[in-house]
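Spelled out, the chains give:
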Amino acid sequence: MNALGFSIEIAAISVLAGFLGALTGLGGGVVVVPVLCLLFKIDLHYAIGASLVSVIATSSGAAAMYVRDGLSNIRIGMFLEIATTLGALLGAYLVARVSTGAIGIVFGIVLLYSALASLHGSPAAPETPHPDSLAERLQFKGSYPVNGRQVDYAAERIPLGFGIMFLAGTLSGLLGIGSGAVKVLAMDQAMKLPFKVSTTTSNFMIGVTAAASAGVYLSRGYVLPGLAMPVMLGVLAGSLAGSRVLVHAQVRTLRWVFAVVILALGAEMIFSGVTGRL
Amino acid sequence: MAAGDQRLEMAMGRMLQIGVTIAAFVVLAGGVLSLVQAPHTLPDYQHFHGAPPTRMHVDSIMTEAFYRNGGAVIEFGILLLIATPICRVLFGLVGFALMRDRLYTAVSAVVFAILLFSFFSHR
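Calculation rules
- Residues numbered from 1 in each chain as written.
- Chains lettered and ligands numbered in written order.
- Predicted model: local features only at pLDDT ≥ 70, side-chain atom pairs only at ≥ 80, totals over all residues.
- Helix = DSSP H or I, 4+ residues; strand = E, 2+ residues; numbered from the N terminus.
- Buried ≥ 20, exposed ≤ 12 C-beta atoms within 10 Å, placed from the backbone.
- Contact = placed C-beta atoms within 7 Å.
- Nonpolar A, V, L, I, M, F, W, Y, C, P; charged D, E, K, R; others polar.
- Expected span 1.5 Å × (residues − 1).
- Bend = angle between axes of the 7 residues up to and from the residue.
- Core = buried A, V, L, I, M, F, W, Y, C linked by C-beta atoms within 7 Å.
- Axes fitted to C-alpha atoms, helices over the stretch in contact; angles between N-to-C directions.
- Parallel < 35°, antiparallel > 145°, perpendicular 65-115°, else oblique.
- Left-handed = near helix turned anticlockwise from the far one by under 90°.
- pLDDT = per-residue confidence, 0-100.

*Asks:* What exactly am I supposed to notice about the overall build of chain B here?
*Replies:* When helices and strands are counted, chain B shows 4 helices and 0 strands. Evaluated residue by residue, chain B yields a buried proportion of 37% over its 123 residues. Long-range pairs, those at least 24 residues apart, make up 64% of the contacts in chain B with a sequence separation of at least 6.

*Asks:* Teacher, can you tell me more about the interface of chain A and chain B here?
*Replies:* Much of the literature gives interface size as the accessible area that the parts lose upon coming together. On the chain B side, the residues contacting the 54 residues of chain A number 58 residues. For the side of chain A that touches chain B, the secondary structure elements donating two or more residues are α1 (3-24), α3 (44-67), α4 (74-95), β1 (141-146), α9 (195-220) and α10 (225-248) of chain A. Looking at the side of chain A that touches chain B, the element that brings in the most residues is α9 of chain A, giving 11 residues. Considering only residue class, the side of chain A that touches chain B consists of 33 nonpolar, 15 polar and 6 charged.

*Asks:* What is the right way to look at α4 of chain A in this model?
*Replies:* Helical geometry: 3.6 residues make up each α-helical turn, so side chains three or four residues apart lie on a common side. Residue and element names in this part refer to chain A. Over its 22 residues, α4 extends 30 Å from the first C-alpha to the last, a length consistent with the 32 Å expected when each residue adds 1.5 Å. Remark: the principal bend of α4, roughly 35 degrees, maps to Glu 81. The element α4 is extensively covered by neighbouring structure, given that 18 of its 22 residues are classed as buried.

*Asks:* So what exactly am I meant to see when it comes to the environment of Val 94 of chain B here?
*Replies:* Tracing the backbone through its elements, the reader meets Val 94 of chain B in helix α3 (residues 70-98). Remark: the alpha-carbon pair of Val 94 of chain B and Thr 105 of chain B, spanning 11 residues in sequence, is separated by 7.5 Å.

*Asks:* How should I be thinking about α1 of chain A in this particular structure?
*Replies:* Across its 22 residues, α1 of chain A extends 31 Å between first and last C-alpha, which sits within 8% of the 32 Å expected from 1.5 Å per residue. In the stretch just after α1 of chain A, Gly 25 of chain A is the one whose phi turns positive, near 80 degrees.

*Asks:* Sorry if this is basic, but what is going on with the nonpolar core here?
*Replies:* Grouped together as the largest cluster of nonpolar side chains are 124 residues, with contacts concentrated most on Val 33, Val 53, Ile 56, Ala 228 and Met 232 of chain A. Those residues within four positions of Met 232 of chain A in sequence are excluded, and the remaining contacts are Val 53, Ser 54 and Ala 57 of chain A together with Val 27 of chain B.

*Asks:* Help me understand the packing of helix α5 (residues 100-120) of chain A against helix α7 (residues 158-175) of chain A in this model?
*Replies:* Geometrically, a packed helix pair is captured by the angle between its two axes and the distance between the axes. Residues and elements named next belong to chain A. The interhelical angle for the contact between α5 and α7, taken along N-to-C directions, is 125 degrees, at an axis separation of 11 Å. Classified by the angle their axes make, α5 and α7 are oblique. Regarding α5 and α7, the two cross each other, and that crossing is left-handed. Side by side, α5 and α7 meet where Ile 103, Val 106, Phe 107 and Val 110 of the first sit next to Leu 171, Leu 174 and Leu 175 of the second. When grouped by side-chain class, the residues that make up the contact of α5 with α7 number 7 nonpolar, no polar and no charged.

*Asks:* Can you walk me through the confidence of the model for chain B in this structure?
*Replies:* When pLDDT is low, close inspection of the predicted coordinates is not appropriate. Residues and elements named next belong to chain B. On average, residues of chain B score 85 in pLDDT, and 87% of them reach the 70 mark or higher. Model confidence for chain B, summarised as mean pLDDT per element, is weakest for helix α2 (residues 58-66) at 70 and strongest for helix α4 (residues 102-120) at 93. Confidence metrics for the complex model read pTM 0.90 and ipTM 0.90.

Laid out in structure tokens, this is it:
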């Protein structure tokens, strides 16, 4: 195959991955890496390198859309970025020291978890906030619009959230993904922040987290221009289109279909990792 | 949320949008250029080769991109893309300093330092 045909094929599959990633709320990276590895037999290091670049692009591209709604909390995001960037450094460091098969298995587990979490959907109405002294000191609180009126919220269990964020950063650096599902887990489940605030703040943090491992990726040669180009442009285009559709369409059934696809990809990644075919 | 936060958030969003747009166009231009320059060569992506020693160093990318080497133009676009969220942190640093919020100026400075460390500790 020549370079043009290859670029078009990779770009087309990346558009699809970005679209799927936006619709399920999982992000493009978590979809594009297994597709590149399993379908195109691309080396895992190059796949995660290209994916990480696309993750920075989609996070930055989508942030412009979200900040208009005033849903993300920049203070909470900035503070937790200390945890995710440190984790990302650890994750990027681990890539060179862990076997490809092991990375594949971890990737598969994250895919399975993400697919199940995406079906869980947004939880019920927020409870009244119980800010502790740490949340007061760090100003981990705010208000967001619910049916036209502002509802106050505050964070609880910040140390637990901080710890989970470190894990999210490590997975991001190890797997070249945004690990949005784990970031949402830290804010929504651990810190009891409203679901919408959690998802938009998570997206806000993804670009900076990925940038922290990008430096390591570049110096190790994981980012190849010929591969990163179609992946980045494809995933970016696909996810922008996906988030447009998400606003208009009823996607409950689609989400189920996609979750099954992602479960299958996850199982295949684990299988490939265990049998040493990655 | 305070009005200052809202304004800072808007400025960050706008900055990210501009950064990613410029980076995407540079990457696209580099892609077209490299496909025109070498339409038939396809590198081996199936096996990991490690890092070529001189690639991906900022000055060598700039020089090569200047001579319109397609691959180097893509790499330059990727550098612009990575710089975008880093600039966002710098934006936050300045914004919180202007709001005289010492805690969050320090928080932004720590994140910025970690990002700089990731770039300059491996050379």
